[in-house]
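Summary of structural features
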Amino acid sequence: MELRYKVAQDPKTNEVDIVIEVKEGRSGKIDDIVFHGFSASEKSQILNMVYTKKYNLFLSWITGQGIYNEEALEQDQLTIISLLQNKGYADAKVKIQIKEAPKAGKIIIEITAERGVVYHFGKISFRGNQIFSDQEVENQFLCHPGEIYSPEKLRITAQNIKDLCGRKGYIEANVQYETTLVGKEPIYNVEFSIGEGDQYKIGLVHVIGNSTTQSPVILRESLLIPGETFDSAKLKATQKRLESIGYFKNVNVYAVRAQDDVLLGENYRDVYIEVEETTTGNISLFFGFSSADDLFGGLDLTETNFNYAGIPRIFKDGLSAVRGGGEYLHARASVGAKQRSYLLSWMTPYFKDTLWRVGFEANAAESSLQSSNYKIDTIGGSLFASYPLNPLWTFGTKYRIKNNFTKISSNATPTEQEKASSGGIVSAVSSSLTFDSTDSGFKPHRGFRSFLEAEYSGIGADFYFFRFGYINAYYTPLWKRGIMKYRWDARFIVPVWFTSNPNDIPLSERFFLGGENTVRGYKAFDLGGHYPVTGDPKGGISSALLSVEYLQEVFKFLDLFVFTDAGSVSMDRFQIDTLRLSYGIGARIEMLNRVPIVLGVGFPVNPSIESEVKRFFFSMGGQF
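Let me sum up the structure you'll find in this document.

About the criteria used
- Residues numbered from 1 in each chain as written.
- Predicted model: local features only at pLDDT ≥ 70, side-chain atom pairs only at ≥ 80, totals over all residues.
- Heavy atoms only, no water.
- Helix = DSSP H or I, 4+ residues; strand = E, 2+ residues; numbered from the N terminus.
- Rg over C-alpha atoms; globule rule 2.2 N^0.38 Å.
- Buried < 20%, exposed > 50% of the residue type's maximum accessible area, 1.4 Å probe, protein only.
- Phe/Tyr/Trp six-rings, centres within 6.5 Å; stacked < 30°, edge-to-face > 60°.
- Lys NZ or Arg CZ within 6 Å of the ring centre and 35° of its normal.
- Core = buried A, V, L, I, M, F, W, Y, C linked by side-chain atoms within 4.5 Å.
- Contact = heavy atoms within 4.5 Å.
- Lys, Arg positive; Asp, Glu negative; His and termini not counted.
- Salt bridge = Lys/Arg side-chain N within 4 Å of Asp/Glu carboxyl O.
- Polar contact = N/O pair within 3.5 Å; in protein donor to acceptor, adjacent residues only side chain to side chain.
- Pairing = 2+ DSSP bridges.
- Axes fitted to C-alpha atoms, helices over the stretch in contact; angles between N-to-C directions.

With that settled, the discussion passes to the overall build of the protein. Helices and strands together make up the secondary structure of the protein, namely 10 helices and 29 strands. Compactness check: the protein gives a C-alpha radius of gyration of 32 Å against a globular reference of 25 Å for 624 residues, more than 25% above the reference. Projecting the C-alpha coordinates of the protein onto the three principal axes gives extents of approximately 95 × 75 × 70 Å. The 624 residues of the protein split such that 40% are buried.

As structure tokens, this is what we get:
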């Protein structure tokens, strides 16, 4: 687009007229991106890497892509050149042209590659290492003689050598490399020059930039201890830990010359942890609809950097008094057509400056999800603690107490009256072991998550039973956007002592399967036995669930999936009855990361009765 203006002066009135001419030029909507000189796999790879995309009438207003952007296109050009150079085409050039599309008001972007010849690595050598052996240095190399030339491999190799030095305290090591062409051949010889420098120890650790978060909360995430030999890997890990807790917009951890170097000596370096704080509290309304619960909505409050010690000062200092302690607070009230629930929980991740995570939870709920003929009311709470044995394994323990009772309608049948007598107090203590190697807590792409729990109820309670659970999920990528998920669960209740009859186990403690979160294609909570006359589900004391799901990421906000589910619920001890099978397809949509929608259809294979079938499932929820 071009702008021009003209100034016309009127000498009699001493006034000027300004005429602005606008030349809009071609439309910025991208109709197509055409590649010349690229393979099919390279086209797919490039389209995933670059910002420039084809215009889509339905999606571009959400993603902001599909409109011509000169600066973005220039950056994309550099990205493509880098891709070709790392494939050995050191002389690669990329030409981008803008052409008018046959469709009115749209353009076509043509991307042409001039590759040149493929270069290889020739002789690779290094010098300057005195502390580290040649073998230790060679182990850091990603580039080797005869391999295809790659600037990225050279850069990573240099960084690997610096990291090797940094892990032993040589944090100011300098690594440079020089490439030399071998005559007229497409071969590069490479020589690395290593300056190890001096070994340093950690001086003082300073925290700056925090106005709300207490310094001890920040320092407990640090792996750097004054007096120890410097380790650059721990410095990077400290920065990553601080970034992951979500308290800060920016984190920068770096080393500088010690302030007291005269006293400590010149071989010390102070550490500065510089942070820029961000908001950690969130209050939101939410709403939704699901095939199980119909309409629902409520209020959700979280504070991930809570400070309970500031509660007495809240009227004096405002809400800032209860922030900065590194604790987690969550309050939630949800009201729906078929259930109501209220929750308050608190947790501190470093109890008494140890690795113990300690907290409590109070909750109350009223549910008619299992049947419209009765409601299950519960009120209770729990105390819990967990300890990370290592980065993958966590030990946990919990005590919970709950009072549950069943409300029956006034025209209840004798069978329904029997359910009402199953109310009472559950008081239980449990231990658990968790393994988690997944790459994301929100949307895993790879890894294994396993949970093993054993619980005993009978401590001053009305019900006596053991509960065992073994819950697993395994994720593995088939390719970049295709993920397989395998799930297998087994849960059992063993009635003992004064609760020897399985029918005496309260409904709120039994297992229920069916619906969008377990065995899709069946009515929610409806698998297993049913009460006579009313046909309400009994639930069970033995439960098994198997599921295989393939998920295809189509866009960042859209996933399509196909699945096979199987589930069984039984009122017999350690008894897995006939597995009820289903298969189907569905979609997960996230509109602006705030309105998650799940919809699909399941096809039951062997339902026990026709009333168990509910093929379509749908859920939607969002916050604002």
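What follows concerns the packing of aromatic side chains. Tallying each qualifying case throughout the model produces 27 aromatic pairs. Pairing F132 with Y170 gives two aromatic rings, centres 6.0 Å apart and planes at 75°, and the pair type is edge-to-face. Of the two residues, F132 is situated in the loop between β6 (120–127) and α4 (134–138) and Y170 in the loop between α5 (151–166) and β7 (174–181); the sequence distance between them amounts to 38 residues. Here the two residues F132 and Y170 agree in accessibility, since each one is buried. With a centroid separation of 5.1 Å and an interplanar angle of 35°, the aromatic rings of F492 and F574 are classed as tilted. Here F574 lies in the loop between β25 (558–570) and β26 (580–591) and F492 lies in strand β22 (residues 482–495), a separation of 82 residues in the sequence. We note R520 situated over the ring of F563; from NZ or CZ to the ring centre the distance is 4.0 Å. It is K538 that lies over the ring of Y531; its NZ or CZ is 5.6 Å from the centre.

Here the focus is the nonpolar core. In terms of nonpolar packing, the biggest core is built from 22 residues, with F141 and F192 touching the most fellow members. Looking at this core, the elements with two or more residues in it are β6, α5 and β8 (187–195). In terms of residue count, the dominant contributor to this core is α5 (five residues). Not counting residues within four places of it along the chain, the set of residues in contact with F141 comprises I124, F126, T157, I161 and F192. Ranked by size, the runner-up nonpolar core spans 18 residues in total, among them V50, L73, Y89 and A92.

This next bit is on the side chain of E453. Along the chain, E453 turns up in strand β20 (residues 447–457). For the buried E453, which has no salt bridge, the nearest side chain bearing the opposite charge is K398, at an N-O separation of 4.8 Å. A distance of 3.3 Å separates polar atoms of two side chains, one belonging to E453 and the other to S430.

As a further point, take the sheet that holds strand β10 (residues 248–257). Taken in spatial order, the three strands make up an open sheet running β9-β11-β10, and their pairing is mixed. Each edge of the open sheet is held by one strand with a lone partner, namely β9 (201–208) and β10. Each adjacent strand pair in this sheet contributes to an overall mean axis angle of 20°, direction not counted. Across nine bridges, the pairing between β10 and strand β11 (residues 268–277) is antiparallel. The residue of β11 that forms the bridge with Y254 is Y272.

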